[in-house]
Amino acid sequence: MRVLLFSGTTEGKELAIRLANAGVSTYVSVASEVGARSMPTDVDRLETIVGPLTYEEKLELFKDFDVIVDATHPFAKSISTHVKEAADATGKPLIRVVREPSDLTGCLVVPTLEEAIALIPDDAIVLTTTGSKQIGAYTVLPRFAERIYARVLDDAASVDACHEAGLTDDHIIAKRGPFSLEDNINDIDLFGITALVTKDSGAAGGFPEKAEACRQRNITCIAIARPDESDDGLYPDSAFDVIMGYRR
């Protein structure tokens, strides 16, 4: 049996390794070299395919596999949609891997970034961890450049996006996770943060540590909810069992 697994997440990486160790020929598709570097190179039956794939490339590639697995990020809906469309078109079984639900106690939970921004108190000093691609959305806030601290990946593209939105270097926290509870508390204390905006990216995305830091410092936590995948997704252990079932 040959499995094609779309990854870029901790769950995807761990599931791919588990499948390969169980004797399944597993190919992991990642969008970038960063994703490729996270995959081990010393696991038998585990190969990595690097680079984004067009719909036509997916159709051609899927012909060579028995099972398709979507273990992409919960907020990467466009990728999941395209993978599903290609799997349906080629008649290949598709398994969607989802994350365990988060403890959202004490958080203000909204479905979109725009609604999250609307909940930010007028006098709040804000730490945003929602990524650099949408940093421009925060510019609607009064005194945006004075009040927003953006924690983004430590690469040139992320920092440049913050600069283009109007943030100066002293308001850009460029570093790479995972971030511990202590890391989050330190950033809150260092910059005088009174509100944090984040995505509910689950345990693999460090959400529990951010939410707990907010609780301990008694500051506002605004969380963008994950898309509801309860009807068509499986947790990693169940996904592994289902995939192995195709082998029998």
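Up top is the structure these notes are about.
Because the structure is a prediction, the values reported are computed rather than measured. (Residues numbered from 1 in each chain as written. Predicted model: local features only at pLDDT ≥ 70, side-chain atom pairs only at ≥ 80, totals over all residues. Heavy atoms only, no water.)

Digging into the environment of glutamate 164
For step 1, the next point in the chain: Within the secondary structure, glutamate 164 sits in helix 7 (residues 156–165).
For step 2, the next point in the chain: Of the residues examined, glutamate 164 reaches a relative accessible area of 69% and is grouped as exposed.
For step 3, the next point in the chain: Once the C-alpha coordinates of glutamate 164 and valine 83 are considered, the two residues, 81 residues apart in sequence, prove to be 32 Å apart. (Helix = DSSP H or I, 4+ residues; strand = E, 2+ residues; numbered from the N terminus. Buried < 20%, exposed > 50% of the residue type's maximum accessible area, 1.4 Å probe, protein only.)

Details of the pairing of strand 1 (residues 2–6)
For step 1, the next point in the chain: Burial of strand 1 is extensive: four of the five residues sit out of reach of the surface.
For step 2, the next point in the chain: Judged from the five bridges that link them, strand 1 and strand 2 (residues 25–30) form a sheet pairing that is parallel. Within strand 2, the position partnered with leucine 5 by the bridge is valine 28.
For step 3, the next point in the chain: Crossover connection from strand 1 via helix 1 (residues 10–21) to parallel strand 2: handedness right-handed.
For step 4, the next point in the chain: As paired strands, strand 1 and strand 4 (residues 67–70) are joined by four bridges and run parallel to one another. (Pairing = 2+ DSSP bridges. Right-handed = clockwise from strand over helix to strand, strands pointing away.)

Topic: helix 1
For step 1, the next point in the chain: Look at helix 1: 17 Å from first C-alpha to last across 12 residues, which is about the 16 Å you get at 1.5 Å a residue.
For step 2, the next point in the chain: Residues of helix 1 that are buried: Glu11, Gly12, Leu15, Ala16, Leu19 and Ala20. For helix 1, the angular spread of buried residues about the axis comes to 155°, placing them on one side. Among the exposed residues of helix 1, those pointing more than 90 degrees away from its buried face are Glu14 and Asn21.
For step 3, the next point in the chain: Tucked into the core, helix 1 has its buried residues touching strand 1, strand 2, strand 3 (46–50), strand 4, strand 5 (94–97) and helix 10 (236–245).
For step 4, the next point in the chain: Looking at the residues trailing helix 1, positive phi occurs at glycine 23, about 95°. (Expected span 1.5 Å × (residues − 1). Arc of directions from axis to C-beta. Contact = heavy atoms within 4.5 Å.)

A closer look at the packing of aromatic side chains
For step 1, the next point in the chain: Taken as a whole and judged by the stated rule, the model has three aromatic pairs.
For step 2, the next point in the chain: When the centroid spacing of 4.7 Å and the interplanar angle of 40° are considered together, the rings of tyrosine 149 and phenylalanine 191 count as tilted. With tyrosine 149 in strand 8 (residues 148–152) and phenylalanine 191 in helix 8 (residues 181–191), the pair connects residues that are 42 residues apart, well separated along the chain.
For step 3, the next point in the chain: On the basis of relative accessible area, tyrosine 149 is assigned to the buried category, the value being 12%.
For step 4, the next point in the chain: The ring of phenylalanine 65 is capped by arginine 2, whose NZ or CZ atom sits 4.8 Å from the centre of that ring.
For step 5, the next point in the chain: Sitting above the plane of the phenylalanine 75 ring, lysine 199 keeps its charged end 5.2 Å from the centroid. (Phe/Tyr/Trp six-rings, centres within 6.5 Å; stacked < 30°, edge-to-face > 60°. Lys NZ or Arg CZ within 6 Å of the ring centre and 35° of its normal.)

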